[in-house]
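Coordinate analysis (summary)
The residues making up each chain are set out below.
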Amino acid sequence: MTLQNLRIAAGAIVVFCALLPAHAATWTVRSQPARLVNGAPVLFQVKAPAKLDVLSGAWLGHQLTFTYDAATRTWFALAGVSIETPPGKYLLELTGARPSPQALYNFSRSFTVARATYPKIKVELTVEKKFTEPTPEQLQQIEESKKVKEDYFNRVTPDRQWSGAFTAPADAAISDVFGSQRIFNGVAQSPHQGLDFRVPAGTPVAAMNCGTVLLARPTYFEGNFVVLDHGQGLLTLYLHLSEFKVKEGDVVKRGEVIGLSGGTGRATGPHLHVAVRWQGTYLDPARLMQLPLP
Ligand SMILES: [Zn+2]
């Protein structure tokens, strides 16, 4: 057998072996936080049994793209669990690849999702009738705003733009948490999809992480609305602003002022509502800020 043939034969064996399910001992798959709950973001950390060029994952119907951290030899990806996900066991399926010698690695691990406790205390809020009983003309404006959001929210950019922890957009007290049940003019709404900061109008609002300004325009319910794209389907949303300090397409750094707070749109008064959207589901911003991220 020539050296060339030996190389080919060795390569074929590697491919054959690698396509078999890898032994559990060769992979380390962890989550941060260790306990997963519905509505929470999660950082998956993976140590692979071999040097890989790419690692992707499938989790609750979402596609994950992992990033390699050479310092810790760990692959990581930020994901989440929607608030509607029932408690149970769910699989994280991993697929790694390297081109030379060509090999595929597959591994899966199940994670338990527990039920989070979100406030059930109902609060009576009064907002203008145009938000609860809109006229036909207002309904058309609502429809237009909805189209803008659907269009922009589905523009997933493949590359990760965030780096390090997400920080608070304002140095202020929290006035309403994520997941609480609210009632507007006696009509029950869906659970609160963001986090409210008690700030007077005109307070500087900071970007929670690095990203690109996806939206900076008025919409019906959100008022003056800024959306930052952090890549891989992760967005942060800033609502009810009185003033914009950025325009669509701008690249911003964490902590950079993107606007001033206000009470535009469906707001009972001046406050800052921030939301975190990941591949179509809303996640708890407070839990995201608590996550230590690479
Ligand atoms: Zn809110």
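First things first, this report covers the structure right here in the doc.

Procedures and definitions
Residues numbered from 1 in each chain as written. Predicted model: local features only at pLDDT ≥ 70, side-chain atom pairs only at ≥ 80, totals over all residues. Heavy atoms only, no water. Donors = N, O, S within 2.8 Å, 3.2 Å for Na, K, Ca; no water. Tetrahedral: all angles 85-135°; square planar, octahedral: opposite > 155°, others 65-115°. Helix = DSSP H or I, 4+ residues; strand = E, 2+ residues; numbered from the N terminus. Buried < 20%, exposed > 50% of the residue type's maximum accessible area, 1.4 Å probe, protein only. Pairing = 2+ DSSP bridges.

1. Side note on the coordination of the zinc ion
Distances from the zinc ion to its protein donors, namely His-192 (NE2), Asp-196 (OD), Asp-196 (OD) and His-273 (ND1), fall within the range 2.0 to 2.7 Å. One can describe the site at the zinc ion as irregular: its four donor atoms subtend angles covering 53 to 157° at the metal. All donors to the zinc ion come from one chain, and their sequence spacing reads H-x3-D-x76-H. Linking Asp-196 in strand β14 (residues 195–197) with His-273 in strand β22 (residues 272–278), this pair joins segments that are 77 residues apart in sequence. The two residues Asp-196 and His-273 agree in class, both being buried.

2. Let's talk about the pairing of strand β3 (residues 41–47)
Buried residues dominate β3, accounting for six of its seven residues. Across five bridges, the pairing between strand β1 (residues 28–32) and β3 is antiparallel. Counterpart to Arg-30 in the pairing with β3 is Gln-45. Bridge count for β3 against strand β7 (residues 74–80) is six bridges, and the pairing is antiparallel. When the sheet's bridge partners are listed, Pro-41 is paired in β7 with Gly-80.

3. Re the sheet that holds strand β21 (residues 257–260)
Taken together, three strands build an open sheet; the order of strands is β15-β21-β19 and the sheet is antiparallel. Lying at the two open borders of the sheet, with one neighbouring strand each, are β15 (204–206) and β19 (243–244). Direction of pairing for β19 relative to β21: antiparallel, over a ladder of two bridges. Counted as the bridge partner of Glu-243 is Leu-260 from β21.

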